[in-house]
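# Overview (structure and organization)
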Amino acid sequence: MRSLMVTSIGVTCAAALTLPLAAPALSAPVPHASSARPPSAAPQSPGAGPAAAPAPAGSATPAESTPTDSRTAPAGEPADSGESDDRSAGVAGSTQSLPLERLAASSDRSAAPAPGRGLDRRTTRPFSLVGVVWDDAEAELHGTVQVRTRAAGGERWSDWQDVETHNDEHAADLGSDERASGAVRGSTAPLWVGASDGVEVRVHPEAADEEGRSITVRLPEGLRLELVDPGPDPATESAPAGTAGAVPGGRTSATPASLPVRPGPPPAGTAAVVPETLTAASAAASAVNAEFAPLGASLIPAMTQAETAEAAAEAAEEAVGAKPYIGPRPGIITRKGWGADEKLRERNFAYTKTVKAAFVHHSATGNNYTCKQAPSVLRSIYRYHVKSSGWRDFGYNFAVDKCGNIYEGRAGGVSRAVLGAHTLGFNTNTMGIAVLGSYSSTNPPAAAVTAVAKLTAWKLGLFGRNPKGKVTLVSGGSNKYAKGKKVKMNVISGHRDGFATECPGARLYKKLGAARTSSAHLQGR
């Protein structure tokens, strides 16, 4: 099913009229040299992302590392003519893209014996997240990817860390406009490593088995290492009282007078007030949530059950006394709140007809992050999805960190049926929630599972869905269900229910039953 494309011009026309006359010049971002996205044929709204406040270097705490030796990487930048970097693009953060080289014979007995590609230890510009990409999105990387990094400003190198290679199931559906854009590339899952300035990587294909029943497979063409710097955190803003667990780090403060619990439209004839740093693209991403928070807000405040039900009844033009099964709206940190640079994404929003189910994922980025770092993790994943993998925007509709903070994901409006790129074959009429971390062998924090329950109770309730119910979805084609096959699933499902994958990790998957029960209870069922 083709998605409904909506230009962001319409949702920002009023805001654009009130932008400061001395606004910064608007220009399209310079594309990433190795993953440039062709310009959209749909109407565009000009604008750049939010201005970022300066932050001290190294604000992201590096992941714990184990010293392997005291050697330092060569000083200076890698002498590689194939390297590309988009620091001059005028957007927050940057991506270094380094072509992998044929590996020489290694004396490291722990290394795989099969021929591979990689990079020797080297000094780089700062980065916090890594991943490997290749030219053909339809090609799979059958093998292993391992990296080790050096903590920024030091000499300590981490142990080898595995990068999840099977990532094609987190993608736009086959035949969709996003998939057919010509910009999509094959990619591993991204891995958060914390503030680093040195890297070594090795990629080895699957080797033939001892009985000769298989042969060594070829690695995909065009392998490149992506080193992502998330850029500085956005300026900190005060958060409404009572939203603990909805602000990075769980910080709370008194409710600002300018942030009402349920902001209404301005009086007739009153121009909307647009913050000076809010450009047209940022205003577009914010305006689709205008019914919940002021333009440019960093947080959509939580509401009580009664307030949520009343708002839902009014929106549906029903009697206020009616009892819709909708959970109380949780606090949601907006894209502005976690620092999304709106110049990176496609300028138009893509919608589907409804939301029938929610797919829960783990981001497979590792658990070595703090809740204060979660916005940096999100900015890194966002940049990796768009600049490195060639997607139109952040893939998931929402994200949840280990402290239970809930974040707006793909742009288009938190209450709307935004078409994501999270569950290959089942992106239509669903939503995707990524719990930041890796939960195959680690139990997910209770706060994260509770946040999934709260979010689904509200969002699924807006579309009349019972979190403990079943729903029939039509596959768009995956390695588990052929295109066109009707599949009965739980309204709250794990990614593995629609695709043969480890995601969302065995430990998180086991918690989905409890999340369904809690979500239904929050809806009043």
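Residues numbered from 1 in each chain as written. Predicted model: local features only at pLDDT ≥ 70, side-chain atom pairs only at ≥ 80, totals over all residues. Heavy atoms only, no water.

### Focus: the state of the cysteines
Throughout the structure, instances matching the rule amount to one disulfide. At a sulfur-sulfur separation of 1.9 Å, the disulfide partner of C371 is C403. Looking along the S-S bond of the C371-C403 disulfide, the torsion reads about 95°, which is the right-handed sense. With C371 in the loop between strand 14 (357-362) and helix 5 (374-388) and C403 in the loop between strand 15 (398-400) and strand 16 (406-408), the pair connects residues that are 32 residues apart, well separated along the chain. (Disulfide = S-S within 2.5 Å. Helix = DSSP H or I, 4+ residues; strand = E, 2+ residues; numbered from the N terminus.)

### What to know about the pattern of salt bridges
For the structure on display, the rule yields 13 salt bridges. Here R345 ties to E342 by a salt bridge, and the two come within 2.5 Å at their closest N and O atoms. In terms of burial, R345 and E342 fall into one category: buried. (Salt bridge = Lys/Arg side-chain N within 4 Å of Asp/Glu carboxyl O. Buried < 20%, exposed > 50% of the residue type's maximum accessible area, 1.4 Å probe, protein only.)

### Remarks on the side chain of S380
Of note, S380 is situated in helix 5. Excluding its chain neighbours within four sequence positions, the residues that come into contact with S380 are L129, W192, V228 and P230. (Contact = heavy atoms within 4.5 Å.)

### Some remarks on the nonpolar core
Note on soluble globular proteins: their nonpolar side chains tend to be buried together. Counting 62 residues, the largest nonpolar core has F398, I433 and L436 as the members making the most contacts within it. Once residues lying within four places of it in the same chain are set aside, the contact partners of I433 are A358, F359, V360, H361, F398, V400, V452, L455 and T456. In terms of nonpolar packing, the next biggest core, distinct from the first, is built from 20 residues, V132, V145, V163 and L191 among them. (Core = buried A, V, L, I, M, F, W, Y, C linked by side-chain atoms within 4.5 Å.)

### Considering the environment of R410
Mapped onto the elements, R410 comes out in the loop between strand 16 and strand 17 (430-435). For R410, a relative accessible area of 4% gives the class buried. C-alpha of R410 to C-alpha of R392: the two residues are 18 residues apart in sequence and 9.2 Å apart in space. In contact with R410, not counting residues within four places along its chain, are E178, R335, R392, D393, F394, G395, Y396, N397, V418, L419, G420 and A421. Among the polar contacts listed, one links the side chain of R410 to the side chain of E178, at a separation of 2.9 Å. (Polar contact = N/O pair within 3.5 Å; in protein donor to acceptor, adjacent residues only side chain to side chain.)

### Looking at the packing of aromatic side chains
Each aromatic ring pair is specified by the distance between its two centres and by the angle formed by the two planes. If you walk through the whole model with that rule in mind, you get six aromatic pairs. Ring geometry for F292 versus W458: centroids 6.0 Å apart, planes at 75°, classification edge-to-face. Of this pair, F292 sits in the loop between helix 2 (280-287) and strand 11 (299-300) while W458 is found in helix 6 (residues 446-462), placing the two residues 166 residues apart along the sequence. Taking relative accessible area as the criterion, F292 reaches 10% and is therefore assigned buried. Between F394 and Y396 the ring centres are 5.9 Å apart and the planes differ by 65°, which places this aromatic pair in the edge-to-face class. Neither F394 nor Y396 differs from the other in exposure class; each is buried. Three or more aromatic residues joined by ring pairs make a cluster, and in this case those are W338, Y382, F394 and Y396. The residue whose ring lies beneath R121 is W157, and the NZ or CZ to ring-centre distance is 4.5 Å. (Phe/Tyr/Trp six-rings, centres within 6.5 Å; stacked < 30°, edge-to-face > 60°. Lys NZ or Arg CZ within 6 Å of the ring centre and 35° of its normal.)

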